[in-house]
Amino acid sequence: MKTSLFVITLAILLSSCRDQQGSSENDPSTFAYKLYEMEKMGWKSQKSVHSIQGTSYRAIQVPLQYYLLKNAPNLSPDSLSSIYEAYQNERIIEVEFESARKDDLLKANYTRMDYEEGVKYLAFTIQEDFYAVTSAGDTVNCSGVIFERNYQLAPFKRLLLHFGGIPEGERIQLVYQDRLFGNGILKFQFDELPIIL
């Protein structure tokens, strides 16, 4: 009798836990749901790609809300809303460089500098090579860069670029003066407006 009562109680508890987990994924007011919706919408479809001499250059506009939810999933809705309001004129662009041969692009035969110089350049100096142009023709310099080190585990190099002072809903073009690989000026046009939830 006690065993069957224990089994029934355990089944009810497990069932209620599943219901709570399922409801958060299906409840439009939760972060999990918003994150899922952004991924489902295919936010990475807002990308612009160039290939020059075996090197691919990808620029992807990252929705600010996605970035906030991904990096601080435990924020309350009020906190997320206030942070978003404070930074709604910020833009984040993910840039990736990749060799068609899946080779490490920081080798001297690609960059004409030694490996350590290449890492330092990506981490500190490359931000000077990027700027954004708004549809009104204003030029906005890159205000910061984060170089994601992958220690040669992935066949690409990734940067997160930060731009400030670009009004929400403004279409932009990213301009890159390629001093790292010497392939000239590249322009990345984003045809879609950033996703806003």
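The structure presented is a predicted model; accordingly, all values stated were derived computationally and were not measured.

(A) Local environment of the pattern of salt bridges. Under the definition given, this model contains 9 salt bridges. Ionic pairing is found between glutamate 98 and arginine 58, a salt bridge with its closest N-O pair at 2.7 Å. Taken as a pair, glutamate 98 in strand β3 (residues 91-99) and arginine 58 in strand β2 (residues 55-62) lie far apart in primary sequence, 40 residues in all. Exposure class is identical for glutamate 98 and arginine 58. Each is buried.

(B) Quick peek at the sheet that holds strand β8 (residues 172-178). What the 4 strands build is an open sheet, ordered β5-β4-β8-β9; its pairing is antiparallel. The strands lining the two open edges of the sheet, one partner per strand, are β5 (139-141) and β9 (184-189). Direction aside, the axes of adjacent strands within the sheet are offset by 25° on average. Judged from the 5 bridges that link them, strand β4 (residues 130-134) and β8 form a sheet pairing that is antiparallel. Residue pairing in the sheet places valine 133 in a bridge with glutamine 173 of β8.

(C) Just the packing of aromatic side chains, in detail. Counting across every chain of the model gives 6 aromatic pairs. Consider the rings of tyrosine 57 and tyrosine 176, whose centres lie 6.3 Å apart with planes at 50°: the pair is tilted. With tyrosine 57 in strand β2 and tyrosine 176 in strand β8, the pair connects residues that are 119 residues apart, well separated along the chain. Neither residue differs from the other here; tyrosine 57 and tyrosine 176 are each classed as buried. Taking 6.3 Å as the distance between ring centres and 70° as the angle between the ring planes, the aromatic pair formed by tyrosine 57 and phenylalanine 181 counts as edge-to-face. You can see tyrosine 57 sitting in strand β2 and its partner phenylalanine 181 sitting in the loop between β8 and β9, a full 124 residues away along the chain.

About the criteria used
Residues numbered from 1 in each chain as written. Predicted model: local features only at pLDDT ≥ 70, side-chain atom pairs only at ≥ 80, totals over all residues. Heavy atoms only, no water. Salt bridge = Lys/Arg side-chain N within 4 Å of Asp/Glu carboxyl O. Helix = DSSP H or I, 4+ residues; strand = E, 2+ residues; numbered from the N terminus. Buried < 20%, exposed > 50% of the residue type's maximum accessible area, 1.4 Å probe, protein only. Pairing = 2+ DSSP bridges. Axes fitted to C-alpha atoms, helices over the stretch in contact; angles between N-to-C directions. Phe/Tyr/Trp six-rings, centres within 6.5 Å; stacked < 30°, edge-to-face > 60°.

The quantities given are spatial measurements derived from coordinates; they are silent on function.
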